[in-house]
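Remarks on the overall topology
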Amino acid sequence: MLYRMKQFFNGIFAQGAEGEEVELLREALPEEEMRLFFQMNKADQRHALNVLKTAQSLLQDAGIGQQNVIQAEEARKLLVRCCLLHDVGRGYEMGPVRKSLAVLLDSLFPNWAREYDRNDAAGYLGKILYRYYKHAAIGSEMLRKQGLTEEAKIVALHHQEGFSGLDEQQKVILLVLKQADNLN
Ligand SMILES: [Fe+2]
Ligand SMILES: [Fe+2]
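Report on the accompanying structure.

So, how was this worked out
- Residues numbered from 1 in each chain as written.
- Chains lettered and ligands numbered in written order.
- Predicted model: local features only at pLDDT ≥ 70, side-chain atom pairs only at ≥ 80, totals over all residues.
- Helix = DSSP H or I, 4+ residues; strand = E, 2+ residues; numbered from the N terminus.
- Expected span 1.5 Å × (residues − 1).
- Buried ≥ 20, exposed ≤ 12 C-beta atoms within 10 Å, placed from the backbone.
- Core = buried A, V, L, I, M, F, W, Y, C linked by C-beta atoms within 7 Å.
- Axes fitted to C-alpha atoms, helices over the stretch in contact; angles between N-to-C directions.
- Left-handed = near helix turned anticlockwise from the far one by under 90°.
- Contact = placed C-beta atoms within 7 Å.
- Nonpolar A, V, L, I, M, F, W, Y, C, P; charged D, E, K, R; others polar.
- Parallel < 35°, antiparallel > 145°, perpendicular 65-115°, else oblique.

Time to look at helix 4 (residues 42–60). In this model helix 4 runs 28 Å from its N-terminal to its C-terminal C-alpha over 19 residues, within 8% of the 27 Å that 1.5 Å per residue would give. Among the residues of helix 4, Ala-43, Asp-44, Gln-45, Arg-46, His-47, Ala-48, Leu-49, Val-51, Leu-52, Ala-55 and Leu-58 are the ones counted as buried.

Below, the discussion takes up the environment of Leu-175. Here Leu-175 lies in helix 10 (residues 168–182). Look at Leu-175 and you get partly exposed, because 15 C-beta atoms sit within 10 Å. In sequence terms Leu-175 and Phe-163 are 12 residues apart; their C-alpha atoms lie 9.3 Å from each other.

Judged by nonpolar contacts, the single largest core of 32 residues is most densely connected at Ala-55, Cys-82, Cys-83, Leu-84, Ile-173, Val-176 and Leu-177. Elements supplying a minimum of two residues to this core: helix 4, helix 5 (73–85), helix 8 (123–145), helix 9 (149–156) and helix 10. Counting residues in hydrophobic clusters, the runner-up holds five residues, among them Ala-102, Ala-113, Ile-128 and Tyr-130.

The next subject is the packing of helix 4 against helix 5. Between two packed helices, what matters for the description is the angle formed by their axes and the separation of those axes. Two elements in contact, helix 4 and helix 5, have axes whose closest approach is 7 Å; the angle formed by their N-to-C orientations is 145°. Seen along the crossing, helix 4 lies across helix 5 with a hand that is right-handed. Contact residues: helix 4 offers Ala-48, Val-51, Leu-52 and Ala-55, while helix 5 offers Leu-79, Val-80, Cys-83 and Leu-84. Counted by class, the contact of helix 4 with helix 5 contains eight nonpolar, no polar and no charged residues.

Take the packing of helix 5 against helix 10 next. Relative orientation of the contacting elements helix 5 and helix 10 amounts to 40°, with a least axis distance of 10 Å. The angle between the axes of helix 5 and helix 10 places the two elements in the oblique class. As helix 5 runs across helix 10, the sense of the crossing is right-handed. Residue-level inspection shows Ala-75, Leu-78, Leu-79, Cys-82 and Cys-83 of helix 5 in contact with helix 10, the latter providing Gln-169, Ile-173, Val-176, Leu-177 and Ala-180. By residue class, the composition of the contact of helix 5 with helix 10 is nine nonpolar, one polar and no charged.

Take the environment of Glu-150 next. Among the secondary structure elements, Glu-150 is positioned in helix 9. Along the backbone, Glu-150 and Ser-140 are 10 residues apart, and their C-alpha atoms lie at a distance of 9.6 Å. In this structure Glu-150 touches Leu-78 and Gln-170, once residues within four positions along its chain are discounted.

Next comes the structure, spelled out in structure tokens:
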């Protein structure tokens, strides 16, 4: 509960990318994907940047034993893009208030909430729940359309068990992404 409250207030006061972070984004993301990043709500932009920071420090932690697999420059860049873009499917409107409402409905009325999750045109709650439950699939499709097929495969699974269709390197990237996401 305390964690959720902290998350809510962090979200309300979140600043989008600034200063050096904008440079980092420019280096990491092609133009179209930069646009996707900035289409996110400021709270989600901040969340994505925090996930990236955490993922990078997880990689430095020899304890997780994943460094060897992600040593190649390309793999590291893929991890960076996955961290920055993993929640693009939430869309601009999914700010901290809507997100908290979705979390609340999911914990109080899980069956109803799952059933009420429909599509963007399903009214206020229907849309919130749709974006909450389906953002991984929506984001994955957005990335696939931009030609980012590896990122699309990884992002699709970031709230699921399993590694369906991923190679060894992509599996490790997904693991690091999920771990970093859970810590933020
Ligand atoms: Fe997510
Ligand atoms: Fe996330």
